[in-house]
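The primary structure of each chain is shown beneath.
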Amino acid sequence: MAYTQPALAYAENALEPHISAKTISFHYGKHHAAYITNYNNLVAGTPMDDMTLEDVIKETANDPQKVAIFNNGAQAWNHSFYWNCLSPDGGGLPSGPLADKISADFGSFDKFREELKNAATTQFGSGWAWLVLDNGTLRIVKTGNAQTPLTSGQIPILTIDVWEHAYYLDYQNRRPDYTAALIDNLLDWEFAAGNFSAAR
Ligand code: MN3
């Protein structure tokens, strides 16, 4: 029961000029696809082949014998989630209960934006910046490499991939510019609102 790469909900060039078709082509078509191929090859013929990807990630998270399965499985999941966080119609402001909760837990949308941008910019090396629901409170967290909030009991609401392959073709070393462009123009607040309402 192999994990299948979900189709993108938009064309490869739909996120331009903020993320180029070339970046999506490599990031989705090569990097993400490779994590999934590696994951499926590693679990094939094992009991994990019959488990959901989420369960395999949680089971292998702290097992030194299963680092490759965890890394490829978590990167498969993280990227599938990331693509859903982006939309050609994204950016702007959240609305409804999620907007109210952001104001309550961060003080204001601007403070939330600043904290998310700061986390994405300061994650040292490869990793991810996340908005998560943690014991009923919205928080910004960062994770290194393939690490994911799924293994910390936190519920992902949004993420930003800050591996260099996510932005280097378009922004070179300017990760803050990629992060700002993504937050202001691409974040899919409808997807985030759905994650938030499902988690409550
Ligand atoms: Mn990536």
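Refer to the preceding data block for the structure.
Before going into details, it helps to say that this report is about the structure given with it.

Reading the values: rules and limits
- Residues numbered from 1 in each chain as written.
- Predicted model: local features only at pLDDT ≥ 70, side-chain atom pairs only at ≥ 80, totals over all residues.
- Heavy atoms only, no water.
- Helix = DSSP H or I, 4+ residues; strand = E, 2+ residues; numbered from the N terminus.
- Rg over C-alpha atoms; globule rule 2.2 N^0.38 Å.
- Buried < 20%, exposed > 50% of the residue type's maximum accessible area, 1.4 Å probe, protein only.
- Areas by Shrake-Rupley, 256 points an atom, 1.4 Å probe, with all protein chains shown as cover.
- Lys, Arg positive; Asp, Glu negative; His and termini not counted.
- Charge placed at Lys NZ, Arg CZ, Asp CG, Glu CD.
- Arc of directions from axis to C-beta.
- Contact = heavy atoms within 4.5 Å.
- Axes fitted to C-alpha atoms, helices over the stretch in contact; angles between N-to-C directions.
- Left-handed = near helix turned anticlockwise from the far one by under 90°.

1. Some thoughts on the overall build of the protein
Counting its secondary structure elements, the protein contains eight helices and three strands. Secondary structure elements of the protein, listed N to C terminal, follow the sequence α-α-α-α-α-β-β-β-α-α-α. The C-alpha atoms of the protein give a radius of gyration of 16 Å, which matches the 16 Å a tight globule of 200 residues would have. With respect to the three principal axes, the spread of C-alpha positions in the protein is 50 × 40 × 30 Å. Sorting the 200 residues of the protein into buried and exposed places 48% on the buried side. In the form shown here, the protein has an accessible surface area of approximately 9,400 Å², with 49% of it arising from carbon and sulfur atoms. One way to put it: in the protein the 13 positive side-chain charges average out to a point 6 Å from where the 22 negative ones average out.

2. Examining helix α4 (residues 96-106)
Those residues of α4 that fall on the buried side of the exposure criterion are Leu98, Ala99, Ile102 and Phe106. Take α4 and look down its axis: the buried residues cluster within an arc of 100 degrees, on one side only. For α4, the exposed residues lying more than 90 degrees away from the buried face are Asp100 and Ala104. Against the buried residues of α4 lie α5 (109-122), β1 (127-134), β2 (137-144), β3 (155-161) and α8 (189-199). Positive backbone phi, approximately 100 degrees, marks glycine 107, located one or two places after α4.

3. Details of the packing of α5 against helix α7 (residues 175-185)
Where α5 meets α7, the closest approach of the two axes is 9 Å, and the angle between their N-to-C directions is 140 degrees. The two elements α5 and α7 meet at a crossing, and its hand is right-handed. Where α5 approaches α7, its residues Arg113, Leu116, Lys117, Ala120 and Thr121 are matched on the opposing element by Arg175, Pro176, Thr179, Ala180, Ile183 and Asp184.

4. Comments concerning the side chain of asparagine 78
Among the secondary structure elements, asparagine 78 is positioned in helix α3 (residues 67-84). Residues contacting asparagine 78, with those up to four places away along its chain left out, are Trp128, Trp130, Ala146, Gln147, Thr148 and Thr159.

5. Considerations on helix α2 (residues 53-60)
Those residues of α2 that sit buried are Leu53, Val56, Ile57 and Thr60. The buried residues of α2 occupy an angular sector of 100 degrees when projected down its axis, which confines them to one face. Considering only its buried residues, α2 is in contact with α1 (21-43) and α3.

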